[in-house]
Each structure stands twice: as structure tokens, then as C-alpha cells.
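Take a look at the letters that make up each chain.
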Amino acid sequence: WAHTHIQCWHTHSLWALVYTQHPIWAGYDIHSWALRYVENTNTMACYNELLQLERGEVLAQFKLRACNAIFTALEQSQEAIEITNEDQVIQYVNPAYESIMGYQQGELIGKEITEVPKSEKNKPDLLETINSCIRKGKEWQGIYYAKKKNGDSVQQNVKITPVIGQGGKIRHYVSIHRPLHDQNKVRDIQSSKHKDRRKGSLDVRSTTSRGSDGSSQRRHSSMARIHSMTIEAPITKVINIINAAQESSPMPVAELYSPQLGTKEEDPHTNDLVGGLMTVKVGGRGRPWGSIDPHLPSHLAMPLSLNDIPPHVAQTMENEDSWDFDIFNLETACLKRPLTYLGLKIFSRFGVCEFLSCPEATLRSWLQGIEANYHSTNSYHNSSHAADVLHATSYFLCKERVKQSLEQIDEVAALIAATVHDVDHPGRTNSFLCNAGSELAILYNDTAVLESHHAALAFQITTRDDKCNIFKNMERNEYRTLRQAIIDMVLATEMTKHFEHVNKFVNSINKPLAALEENGGIGDEESVKGILTSPDNRILVKRMLIKCADISNPCRPLELCIEWAGRISEEYFAQTDEEKRQSLPVVMPVFDRNTCSIPKSQISFIDYFITDMFDAWDAFADLPNLMQHLDNNFKYWKGLDERKLHSLRPPPE
Ligand code: 5GP
Ligand code: MN
């Protein structure tokens, strides 16, 4: 109940913003309460939220109906109901409240409870008792004298329930008042309680008896009218407004969480990418696939520390702080275990052990344990990819804007998240796992299956053995914060949320920063800092950072870019082969080794996912060398495609 209830208010908050800003609403009587619900002052962010609602939840009409149903319940209730926010500012009263107390909604909404006159008949310390109880998150129930607008006091049976929202904080208080002078009703309730204890619905009788009363029937018809105006209509209108705005507005309303699927996807490569990476195609029969059997770090427990890295390996890492660092040299030099070596070097550069109060030996065992759980048999999703993402992450963390935005705990979270973000990847996509009815897909309900597994397994590996528990010496609260950040980043690598993350970043960070710069030259330092360091925005920066690091292959020097393209293609080909063998749905038919044009697939990948994201990331972090490589690589693939070549490289002359 509370959940639906919150959603319902949430919808109203978004509505409020559009409501007040769009000319269509001019002339409507805007309730002051609507204005109090603006949770986000950024119009674009609200448009985005709304579009998200339209495309997702609102499309699932039943949710909307549930919302209406709850409002109907509130409006029809014979008990007076009042809802306040956490600061006890009144946000809603129902019609029963109005009629019992003699107030109009508009007179109460927006007022603090303390501003509403109180009856002198209550014991002096009653309010304090109530407050101290509900502020602890506990329900309070008891007898209370309320003062009507006309000054009369009414004795009421009151129940006040704190409503807990996201993050465990109290977001609302719901008070339900039942006048005690209605003796019939009290008797009614008590008798039914005694007569039939098994019956949960104590109120059935009293409700029906009052239902025959003429005044409530009148209310019923006027309620129906109000419903059609204020409950069903706004959200439908909001959807229409968005659609209209998308067509006519010069504002970039089209830059929303999800692109208009179905307009751009004439190209089969893009289609398959979208189908294969962003949606779950269902079909096929169940086949258990993959089991969680994490390898123990002892598999490769060779002595290793920064000091005893073999010289030829150390040499390949000399320029690891450069974007052009060649990870494949390292991969060859260290016999396909680049993550441990590069991890040791990069983690030490960022002071991770000091931050975690963790001995270097523990970090070493941890890196080995994580790396052992990457599949060296995958052509793409092996520990070299993790090392590559770690490398890109560490590179981005050194950019000035990123440093201004993040704190050390964020940096540590980012480095750890990059290291673990694909651990135990089976070399198959989420769609495949769902279609095959794999154990992981069953475990995670076909939702962010791999990403959930990477994050969960990473913490299992880390915490099941003290020897590699890098978090062991952390203070509890700091650990919670770090863990939350790591999980959030790993889950952000899920491609179904790609456009959501990119657009949130652009709208909440790039656009406000650009606006500041336009207004006053470089923008005033304090406001810039405010944007960069707000906790919400730091989350968006971290998500964008790991996403960009994860799919930065097309921004690497040409030779590296070609190698990665070969590896991802091979992994997809292997999946298609297996899908055919197993008679599973082929989720990305263009990735057929007999027919695939790799240049075309890269062009589509860059067009669809990479260009906009890196434009945004470059605007923020300033990455001219990456953009240069991207441009160069794109031209390379175009060149091959124009020659109708399907291969990674042109044939030798
Ligand atoms: P990851 O699984 O590596 O965390 O998330 C990145 C996603 O992007 C993966 O699903 C991967 O298959 C996909 N990806 C990365 N690089 C390329 C590429 O060059 N081409 C295509 N088609 N997909 C890629
Ligand atoms: Mn990855």
C-alpha cells in the first residue's frame, strides 16, 4: 500500500512541474499543493522522468489504475485522512477530512501542522508524545481532540503512520481520524470485532450502513467528476503534452532516456545490437546454463608484489598512465593474467591499500582471486577486458573535472568496480542466458542477469575468505557507502540502461554546466562546484565513467580498436553458433561468422552507442585524443565498408 501510495505522489510531483510550466494549463485552478511537490527543479530531468513513466510504468496501464484506485479509496473513505511530508507540512486531506473538520483543502495544504489551531482539551504534553513516537518511525494510535475550523473540539480516534521512503527515511506521515462521537459506529466496530474475530474487514458493516446515507451519495457523484478531472486526466494530459512537445518544441525534448526505437533502426546491425544488448528476446526452451562455482585464488597463488613483478612484465606497464598504453603487450608478457599486475600498479598509484587500511598481500590475493574467476576461454570477456576497463577508468579518474567531482572513496569504488565488473562472464549475452533458461537468469528473474551476478559474486569472493578480504579493516559505514557505490557502478554497465544513464548525465551535469558558462564567462566557481559535487551528480559521473571505460574500445588507437573488434565479433559468432546448435532463438543474426560484415557492425555500434556518449563525456572531461582516435577508427571502418569488405583488415596488397 505504501509503495503504490508513494508512486502515486511521485506521479503528482512530476505532473506539478509540467502543470505549472506549460501554457496548456493556464486558466486551470492550480492547487497550491501541486506546486509543493516539485522534486526536481530541472525541467529536462522532469521531462525525462515523465517520458520514462510514459514509456515504462505508465504504459503498464494497471499501475496507473492502481494509482487512481488508491485515490478513489482515499476520496471515498469515510475516515478523515491527512498526509504530511516529513516536515509535517500538510500535503493532502481527503473530502471526509474537509467535511468533519470544516476546512477546505486549499486552506490546509502547504501549511505546517503547527500552524493549524489545536484544541485546548488535550493533555499539554500529548503532542510531544505523539511527535517523539512517530519521528522514530513508529505508529501512534490514541484519542485526540481536534479543533474544527469553527472552533469546536471533536474527540477522535487517531492513528498516525510514518511512511518510509527510499533510503529508509521517513517521507510522509499518514493520519487517519475517526470521530468518537459517532457512537453507533464505535459500537458497530466493537460488536463486529467480538462477533467474528476471523473477519479481517471490521468496517464492512459500518461502511455499508453509511453508504445509504444521502450525503455520501452526493459526494460519490461529485467525486466521480473530480476524478475525471484531477486524477485520470492529468497524467493522460501530461503524456499528450510530452508528445506535443516532442513534435513542436524547439527544446530538445527528444533527448530523452530512450531513443525513438523504430525510427533509426532500418539497419540490421543496429537492430541486432539493440535486440541483442538492450532487450530480452524471449522464446526457446529451458536449459540449465552456467553454475556459480567461483574459483579459489589458490589456483594461482604465486608470490607476487609490486617489487617482484618480473622486469619484462614491469616494462610493458611503464606507460600505463597513457591512453595509448598497449594492453595486449602486457597480456602476452604475463601469460594472460594482466589484471593482477595492472591492478597492483594502478591501485598502488591511487593509494587504495592505504584508503582501505588493507595490507598489500591482501590486495594481491584479492586481485588473483578476482582474475581467476574471469574466463580465459572467452575471446572478449576475459580478464584482459577487465584490465582494459580498469586502465580506462584510472585514466578518466585523472581528468581535472573528474577529480573536482569525485572524492577518494569514489575513486576507490570506481577502480574496484572496473576490476570486478564482468567477473565470471560466460561469454554469452543476457538475452542468451534468458532464452536458455540458465540458472543465473532464473536466479535474477531475467533482469540485469549478468551485471547482478558480477556484483554479487565479486562480494562473495571478497568476503568469504579473510585472506583476500580487502574490506576487512574498514569502518562499517564507510564500507556500506563503498559497497553501494561499487554495486551501482557495476549495474550501470548494463546496456538496457545505456540511454538513461547518458541522458541523465547530459541533463543534470553537462547542460547546467554549459548554462553557467554561457551566463558569466567561466561560470562562478561555487555554482560549478555545486553541480560537480552534489551526491546525486557524483553518482551520475561515476556511472558515466565506468560506462565509457567499458566500451571505450572504439576510442583506442586503431590497432587496439581492431583487435577488440575482432574479439567481440568472435564471441558473438560463438554465441550464434551455439544458439543454432541448441535451437535457441538467434538473438543477433547479423553476427553469423559466415555472413557478418565486421566493419558494418562497428559502424553501427559507434553510431548507435558510442558517438553521443563520448561527445558528452568529452564535453565534461576533455578527451581530445580519444575523440581523434574515434574519428580515425570510424573512418577506417567506413573505408572498409565502402570497399564492401567484411573483414577486420583489408587483404594484403
Ligand atoms: P560489458 O559486458 O563489457 O560490461 O558491456 C559492454 C557491452 O557492449 C557488451 O555487451 C559488449 O558485448 C558490447 N560491446 C562492447 N564493445 C563492442 C563492440 O565493439 N561492438 C559491439 N557490437 N558490441 C560491443
Ligand atoms: Mn565490460
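Preceding this section is the structure that the text describes.
Criteria and cut-off values
- Residues numbered from 1 in each chain as written.
- Chains lettered and ligands numbered in written order.
- Predicted model: local features only at pLDDT ≥ 70, side-chain atom pairs only at ≥ 80, totals over all residues.
- Heavy atoms only, no water.
- Helix = DSSP H or I, 4+ residues; strand = E, 2+ residues; numbered from the N terminus.
- Buried < 20%, exposed > 50% of the residue type's maximum accessible area, 1.4 Å probe, protein only.
- Contact = heavy atoms within 4.5 Å.
- Areas by Shrake-Rupley, 256 points an atom, 1.4 Å probe, with all protein chains shown as cover.
- Donors = N, O, S within 2.8 Å, 3.2 Å for Na, K, Ca; no water.
- Tetrahedral: all angles 85-135°; square planar, octahedral: opposite > 155°, others 65-115°.
- Near = heavy atom within 4 Å.
- Polar contact = N/O pair within 3.5 Å; in protein donor to acceptor, adjacent residues only side chain to side chain.
- Nonpolar A, V, L, I, M, F, W, Y, C, P; charged D, E, K, R; others polar.
- Expected span 1.5 Å × (residues − 1).
- Pairing = 2+ DSSP bridges.
- Axes fitted to C-alpha atoms, helices over the stretch in contact; angles between N-to-C directions.
- Salt bridge = Lys/Arg side-chain N within 4 Å of Asp/Glu carboxyl O.
- Left-handed = near helix turned anticlockwise from the far one by under 90°.
- Phe/Tyr/Trp six-rings, centres within 6.5 Å; stacked < 30°, edge-to-face > 60°.
- Lys NZ or Arg CZ within 6 Å of the ring centre and 35° of its normal.
- Core = buried A, V, L, I, M, F, W, Y, C linked by side-chain atoms within 4.5 Å.

Chemist: Could you give me a rundown of the overall build of the protein chain, with the residues and numbers involved?
Modeler: Across its full length, the protein chain carries 29 helices and five strands. Going through the 653 residues of the protein chain one by one, you find that 52% of them count as buried. When contacts within the protein chain are restricted to residue pairs at least 6 apart in sequence, long-range pairs at least 24 apart make up 70% of them. As displayed, the protein chain has an accessible area near 30,300 Å², and 52% of this comes from carbon and sulfur atoms.

Chemist: Requested: an account of the coordination of the manganese ion (ligand 2), with residues and values cited.
Modeler: Surrounding the manganese ion (ligand 2) are the protein donor atoms His385 (NE2), His421 (NE2), Asp422 (OD) and Asp550 (OD), at 2.1 to 2.2 Å. Between the six donor atoms coordinating the manganese ion (ligand 2), the angles at the centre fall across 67 to 174°, so the site counts as octahedral. Of note, the donors binding the manganese ion (ligand 2) are all from one chain and are spaced H-x35-H-D-x127-D. Of the two residues, His385 sits in helix α17 (residues 383-397) while Asp550 sits in helix α26 (residues 535-550), which places them 165 residues apart along the sequence. Judged by relative accessible area, which is 0%, His385 ranks as buried.

Chemist: Break down the site of ligand 1 for me, with residues and values.
Modeler: Residues in close proximity to ligand 1 total 17 residues, the closest being His381, Asp422, Asp550, Tyr572 and Gln602. His381 places a side-chain nitrogen or oxygen 2.9 Å from an oxygen atom of ligand 1. Tyr572 places a side-chain nitrogen or oxygen 2.3 Å from an oxygen atom of ligand 1. Of all the secondary structure elements, the ones that give two or more residues to the shell around ligand 1 are α11 (268-278), α27 (558-581) and α28 (598-621). When the residues that make up the shell around ligand 1 are grouped by side-chain class, the tally is nine nonpolar, six polar and two charged.

Chemist: Describe in detail helix α16 (residues 360-372), supporting the description with residues and values.
Modeler: Given 3.6 residues per helical turn, the α-helix brings residues three or four places apart onto the same face. Taking 1.5 Å per residue as the helical rise, α16 with its 13 residues ought to reach 18 Å, and the 18 Å between its terminal C-alpha atoms agrees with that figure. Extensive coverage of α16 is indicated by the burial of eleven of its 13 residues. Regarding α16, the residues found buried are Thr362, Leu363, Arg364, Ser365, Trp366, Leu367, Gln368, Gly369, Ile370, Glu371 and Ala372. On its buried face, α16 is in contact with α14 (338-349), α15 (352-356), α17, α19 (408-420) and α22 (449-463).

Chemist: Which residues make up the sheet that holds strand β1 (residues 80-85), and what are the values?
Modeler: Backbone-to-backbone hydrogen bonds join strands into a sheet, with any given pair of strands oriented parallel or antiparallel. Sheet architecture is open: five strands sit in the order β2-β1-β5-β4-β3, paired in antiparallel fashion. A strand with exactly one partner marks an edge of an open sheet, and here the two such strands are β2 (90-93) and β3 (140-147). Averaged over all neighbouring strand pairs, the angle between strand axes comes to 30°, with direction disregarded. With six bridges joining them, β1 and strand β5 (residues 170-179) adopt antiparallel strand pairing. Following the sheet pairing, Ala80 is matched in β5 by His177.

Chemist: For the pattern of salt bridges, give the residues involved together with the corresponding values.
Modeler: Counted by the stated rule, this structure contains 23 salt bridges. Across the salt bridge formed by Glu570 and Arg593, the nearest N and O atoms sit 3.0 Å from each other. Taken as a pair, Glu570 in helix α27 and Arg593 in the loop between α27 and α28 lie far apart in primary sequence, 23 residues in all. When its relative accessible area of 31% is taken as the criterion, Glu570 is described as partly exposed. Here the residues in one salt-bridge network are Glu407, Asp410, Arg538 and Lys542, joined through shared partners.

Chemist: Tell me what's going on with the packing of α14 against α16, and back it up with residues and numbers.
Modeler: Here α14 crosses α16 at 145°, and the two axes come no closer than 8 Å. Crossing of α14 against α16: the hand is right-handed. Where α14 approaches α16, its residues Pro338, Leu339, Thr340, Gly343, Leu344 and Phe347 are matched on the opposing element by Glu360, Leu363, Arg364, Trp366, Leu367, Gln368, Ile370 and Glu371. In the contact of α14 with α16, the residues fall into eight nonpolar, three polar and three charged.

Chemist: Give me the packing of aromatic side chains: which residues, what numbers.
Modeler: This model, assessed by the stated rule, comprises 19 aromatic pairs. Aromatic pair Tyr380 and Trp564: ring centres 5.7 Å apart, planes at 70°, arrangement edge-to-face. A residue pair is termed long-range when its members are at least 10 positions apart, and Tyr380 in the loop between α16 and α17 and Trp564 in helix α27 qualify at 184 residues. A relative accessible area of 5% places Tyr380 in the buried class. Exposure remark for Trp564: the relative accessible area of 1% places this residue in the buried category. Among the aromatic side chains, those forming a connected cluster through ring pairs are Trp323, Tyr395, Phe396, Phe505, Trp617 and Phe620. Taking the ring centre of Phe432 as reference, the NZ or CZ of Arg428 above it sits at 5.7 Å. In this structure, Arg556 packs its charged tip against the face of Trp323, placed 3.8 Å from the ring centre.

Chemist: Could you give an account of the nonpolar core, with specific residues and numbers?
Modeler: Grouped together as the largest cluster of nonpolar side chains are 122 residues, with contacts concentrated most on Leu356, Phe396, Phe614 and Trp617. Apart from residues no more than four positions distant in its own chain, Leu356 is found in contact with Val412, Ile416, Ile470, Phe471, Asn473, Met474 and Leu482. If you look at the next biggest cluster of nonpolar residues, it comprises 22 residues, including Ile100, Val116, Ile130 and Ile134.

Chemist: Mind laying out the environment of Asn150, listing which residues take part and the relevant values?
Modeler: Take Asn150: it is sitting in the loop between β3 and β4 (153-164). According to the relative accessible area criterion, Asn150 is exposed, its value standing at 56%. Within the structure, Asn150 has its side chain in polar contact with the backbone nitrogen of Asp152 (distance 2.9 Å).

Read these as layout, nothing more, since geometry by itself doesn't imply function.
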